[in-house]
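Chain residues, written in single-letter form:
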Amino acid sequence: MIMTWWRRILIVLIGAWIPVTIIYAWWTLSAESANPYFPPLSLILERFTELWFSQEFVVTVFPSLRNFILGYALACLIGIVLGTLIGGSRTGIKYAEPIIDFVRSIPAVATVPIFIVIFGLDIAMRVASITVAATMPILIATIQGVRSADVVQVETARVFHLSKSQQLWRVRLPGALPLIFSGLQLGLQIAFIVTIASEFLGSGFGIGSFTLIATESFLILDAWTGVILMGLLGYLINVVFDIVERFTLRWYYGQKKIV
Amino acid sequence: MLGPVPPAVVSVVAALALWQLATSVGPLANLSIPSVTETAGALVTELTSAQFYIRLWETIQMAVAGFVIAMGLAIPLGVLIGLSRFAWRSTKFTFDFFKVIPPIVIIPIVILVLGPTMQMGIFLIVFTLVFAMSIQTGLGVRDADAVLLETMRCYGMSTWKQIRYARLPSAGPYIAVGVRLSASAALVVSIVAGLIGGAPGLGKSILLSQASGDDPRTFATVFVLGVIGIAVSRVVIWTQRKAIFWMPT
Amino acid sequence: MSIGITISDVSMSFETPTGTKDVLRNVSYSVTPGLFVAIVGPSGVGKTTLLRILTGLTKPTGGTVQVRGSAIEGPPDGLAVVLQDYTRSLMPWLTVEKNISLPLRKKRIAKSELSARVRESLAEVGLEGTEKSYPWQLSGGMQQRVAIARALATRPDLLIMDEPFASVDAQTRFDLEDLVLKVRKDFGITTLMVTHDIDEAVYLSDEVVVLYGKPAGVREVVSVDINFPRSQIETRNDPRFAELRTHVYSLVRGLSEPTEVV
Ligand SMILES: Nc1ncnc2c1ncn2[C@@H]1O[C@H](COP(=O)(O)OP(=O)(O)OP(=O)(O)O)[C@@H](O)[C@H]1O
Ligand SMILES: [Mg+2]
């Protein structure tokens, strides 16, 4: 289907009326609000710009983002490398499966207290909890992806004398990418959740801590701005991921559209 | 004669042995990390106390209530937005937005308004499930076979009949997948609500044992959560196999 | 240089839950270098099984396959294959160009030489200018031609094809058959091809090997004494063509006795 430019605009407009209505309703209904928990939206936005368009953003948000990126990057690395190793060996799976199955069944957030016990409240604890929790879906997806490599493709590679490592890099892994990406996306969301959770539970720095402390000290405006900022960050991270995925897997989506 | 030891047993025993060694004589020995034996002791104490079962029951209650409410809202809503292209496009951005926002970020505000209560946990669960489940149901409704629909239209079948015999059956497998994912997610959020927000249940148990420095108990409770997680996913898959035998998952 | 392949007493049986299943028994046949050989037989007789043994992907339970005088232990050097399932044997994440050069990476070929080979092979199959497309952007027949181009680019000594044209429409099939004849004329590669289509087998080959029985053996090797070049219209109207196809047909059907030479 060919999308003309005005069709695109129309679709965006149709998608926009609900959010616009919600924000408008929020704005007018809260304008005169005396309820302490629902301050006027105008005040929240004022506080939002005041806080997050200043030095405060760097001080508060940077540590969270750093932990998140570090933990997630490690998870991607460990998940894919380990997943490829385990997925490539039949016995490996038999031994690893029960452990993986158990660890992934623990709610990611509930592993944070374990890491608090092991590492205390410092950065290592945060990064370790993020990494371990986010590794699980990536690991599982990679194992599945590498295992479910197309027999015809692998045999074609063998007949044409591709070496073992070429078979892995040029056939098995690219073929597994769509599955790996679904694991990467789940891992990304988990990494974000655990980043926030580790700050809620282990008090100190970061956007999660900031928001929780604001709540506990009844700084309602600050709490709202924290929640909104975390929500926006969570959304943005997903948007960025989608763009990367669409680009990397353009062969996959192109093929799907045709079939 | 004894058969070969199953790999599952080998790796579980190996993992436990490693943990025990590391925490008793190994590199982590002087870090006051609970060993297997300490954790097992705490586990026995937990499993023999009435408190534990009350907490467990609270967690399950919250999960079930949130799950039921969310499904009750999301499935009809999903059918509605799936039936009308205008409704689908109108809600697309909004629902996608709320779907990807992790529920954990709204906890501070929810605690403010609802307090550390069961209602708070239920609200969080509903918020987490409702958008994803609506989208999932809507996708199913929209995925109805175009040829089948055309054929029905050619035979002059009413819109209601088209919904009844083409749209809803096509949504069935989508809903089944959504229900399965939602059930597991409901349990997770129910625990998170306790752990982060102080809502009743096992999550709160961990929060309390962690705050009081009772590390073996923290470990034991987390261990129990893993076992419950496995059990729930097995039960849900099993139920679905029984209920929807025609759906290959 | 094109090479021969010698099949000596090859047997194959599979262990199945219901017991041992004998598929091939004592298959012996020697492929003369440079010949085009079609393998036909009833459905399920074991054609694919035999072909997989020849490619070295499956080990036979008995007998040997010899290439260049020694028994093969895996895919022999100089082998290229074209499989029925082109949607699966081409890598969807690689462009046509990259698909074709994939098997060449091993061979330490200079970059310029590499792209020249890709271009030549594509020209041979009449697909100039599709280098940057993805396989799934092409029609089924074009994809199968890419698979053939990939095989040619390796400069094979032996080409093995399993029902290469089974999933394309009739017109494309004729075109691809003539393409294969042209490749044959241009390169003289030893070619083995499994097909369900008896007309196609007779039309393309020098020899038709008929597999028959449970377990299967070589029922007869039919020599196709029709001159090259062949053409879809003339060859197919040749009375000799009609005789041969009737003969092969009755062999495949188990109707006529072997060696009842026409
Ligand atoms: N891996 C296997 N395990 C068990 N049985 C097998 C296996 N591969 C093939 N067979 C059996 O061997 C027999 C021959 O199969 P094969 O695929 O070689 O037949 P074919 O002649 O290529 O058939 P078709 O014309 O349908 O392609 C069949 O009965 C099949 O069920
Ligand atoms: Mg076959």
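Structure first, text after, so check above.
Residues numbered from 1 in each chain as written. Chains lettered and ligands numbered in written order. Predicted model: local features only at pLDDT ≥ 70, side-chain atom pairs only at ≥ 80, totals over all residues. Heavy atoms only, no water.

Novice: Looking at this structure, I do not really get the site of ligand 1. What am I missing?
Specialist: Residues and elements named next belong to chain C. For ligand 1, the set of nearby residues contains 13 residues, the closest of which are Gly44, Lys47, Thr48, Thr49 and His196. The contact in question runs from an oxygen atom of ligand 1 to an N or O atom on the side chain of Thr49, over 2.5 Å. Elements supplying a minimum of two residues to the shell around ligand 1: β1 (5–16), β2 (19–31) and α1 (47–54). Looking at the shell around ligand 1, the element that brings in the most residues is α1, giving three residues. Each residue belonging to the shell around ligand 1 can be placed in one class, and the counts come to three nonpolar, seven polar and three charged. (Near = heavy atom within 4 Å. Polar contact = N/O pair within 3.5 Å; in protein donor to acceptor, adjacent residues only side chain to side chain. Helix = DSSP H or I, 4+ residues; strand = E, 2+ residues; numbered from the N terminus. Nonpolar A, V, L, I, M, F, W, Y, C, P; charged D, E, K, R; others polar.)

Novice: How do you make sense of the interface of chain A and chain C when you look at a structure like this?
Specialist: Interfaces are frequently sized by the accessible area removed from exposure as the parts join. In this complex, chain A contributes 22 residues to the contact, which on the side of chain C involves 28 residues. Buried area between chain A and chain C, both sides added, is near 2400 Å², and the carbon and sulfur share of it is 66%. If you sort the residues of chain A by the area they bury against chain C, Val159, Phe160 and His161 of chain A come out on top, with a joint share of 28%. Here chain A and chain C share one salt bridge between them. In this assembly, chain A and chain C are joined by three residue pairs in polar contact (both at pLDDT 80 or more). Sorting the residues of the side of chain A that touches chain C by element identifies α7 (151–159), α8 (164–201) and α11 (250–258) of chain A as the ones contributing at least two each. Top element by residues in the side of chain A that touches chain C is α7 of chain A. It accounts for seven residues. Within the side of chain A that touches chain C, the residues separate by chemical class into nine nonpolar, eight polar and five charged. (Contact = heavy atoms within 4.5 Å. Buried area = accessible area lost by both parts, 1.4 Å probe. Salt bridge = Lys/Arg side-chain N within 4 Å of Asp/Glu carboxyl O.)

Novice: What am I meant to see in the packing of helix α3 (residues 55–87) of chain A against α8 of chain A here?
Specialist: Two packed helices can be described by the angle between their axes and the distance between those axes. Residues and elements named next belong to chain A. Across the interface, α3 lies against α8 with an axial gap of 9 Å and an inter-helix angle of 145°. Handedness of the α3/α8 crossing: right-handed. Residue-level contacts link Ser64, Phe68, Tyr72, Cys76, Ile80 and Thr84 of α3 to Leu168, Leu173, Ile180, Leu184, Gly187, Leu188, Ala191, Phe192, Thr195 and Glu199 of α8. Along the lines of polarity and charge, the residues of the contact of α3 with α8 split into 11 nonpolar, four polar and one charged. (Axes fitted to C-alpha atoms, helices over the stretch in contact; angles between N-to-C directions. Left-handed = near helix turned anticlockwise from the far one by under 90°.)

Novice: I would appreciate a short explanation of the environment of Gly120 of chain A in the present structure.
Specialist: Residue and element names in this part refer to chain A. Relative to the elements of secondary structure, Gly120 occurs in the loop between α5 (112–119) and α6 (123–147). With 91 residues separating them along the chain, Gly120 and Leu29 place their C-alpha atoms 45 Å apart. Beyond its immediate stretch of four places on either side in the chain, Gly120 contacts Phe115 and Met125.

Novice: What is the right way to look at the packing of aromatic side chains in this model?
Specialist: Within a pair of aromatic rings, the relevant descriptors are the distance that separates the centres and the angle that separates the planes. Here the structure, examined in full by the defined rule, presents 22 aromatic pairs over all chains. Here Phe68 of chain A and Tyr72 of chain A contribute two aromatic rings whose centre-to-centre distance is 6.1 Å and whose plane-to-plane angle is 5°, an arrangement assigned as stacked. Residue Phe68 of chain A and its partner Tyr72 of chain A are located together in helix α3, separated by four residues, close to a single helical turn. Taking the relative accessible area as the measure of exposure, Phe68 of chain A reaches 7% and is therefore buried. With relative accessibility at 11%, the residue Tyr72 of chain A sits in the buried group. Members of the aromatic cluster, connected to one another through ring pairs, are Tyr235 of chain A together with Phe93, Phe95, Phe97, Phe98, Phe123, Phe127 and Phe131 of chain B. (Phe/Tyr/Trp six-rings, centres within 6.5 Å; stacked < 30°, edge-to-face > 60°. Buried < 20%, exposed > 50% of the residue type's maximum accessible area, 1.4 Å probe, protein only.)

Novice: Can you walk me through the interface of chain B and chain A in this structure?
Specialist: Opposite the 45 residues of chain B that make contact, chain A presents 45 residues. Here chain B packs against chain A, burying approximately 4100 Å² in sum over the two surfaces, 83% of which is carbon and sulfur. On the chain B side of the interface with chain A, the three residues burying the most area are Arg89, Ile109 and Leu112 of chain B, jointly 15% of the side's total. One salt bridge in this structure joins Asp101 of chain A and Arg234 of chain B, with 2.7 Å as the shortest N-O distance. Within the residue set of the side of chain B that touches chain A, elements represented by two or more residues are α1 (7–24), α4 (85–100), α5 (107–114), α8 (159–197), α9 (202–211) and α10 (215–243) of chain B. At 11 residues, the largest contribution of residues to the side of chain B that touches chain A is made by α10 of chain B. When the residues that make up the side of chain B that touches chain A are grouped by side-chain class, the tally is 33 nonpolar, eight polar and four charged.

Novice: In this structure, what is going on with the sheet that holds strand β7 (residues 158–162) of chain C? I would like to understand it.
Specialist: In sheet architecture, strand pairing relies on hydrogen bonds along the backbone and comes in two forms, parallel and antiparallel. Residues and elements named next belong to chain C. Read from one edge to the other, the open sheet built from six strands follows the order β6-β7-β8-β3-β9-β10, with strand pairing classed as mixed. Looking at strand neighbours, the two that pair on one side only are β6 (79–82) and β10 (217–223), the edges of this open sheet. The average undirected angle you get between the axes of adjacent strands in this sheet is 20°. Of the strand pairs in this sheet, strand β9 (residues 207–212) and β10 are connected by six bridges, and their pairing is antiparallel. Looking across to β10, one finds that Val210 is bridged to Glu220. Each of β3 (36–40), β7, β8 (190–194) and β9 is contacted by α1, which is oriented at about 155° to β7, the strand it contacts most. Here helix α9 (residues 239–252) sits on the sheet in contact with β3, β9 and β10, set at roughly 175° to β10. (Pairing = 2+ DSSP bridges.)

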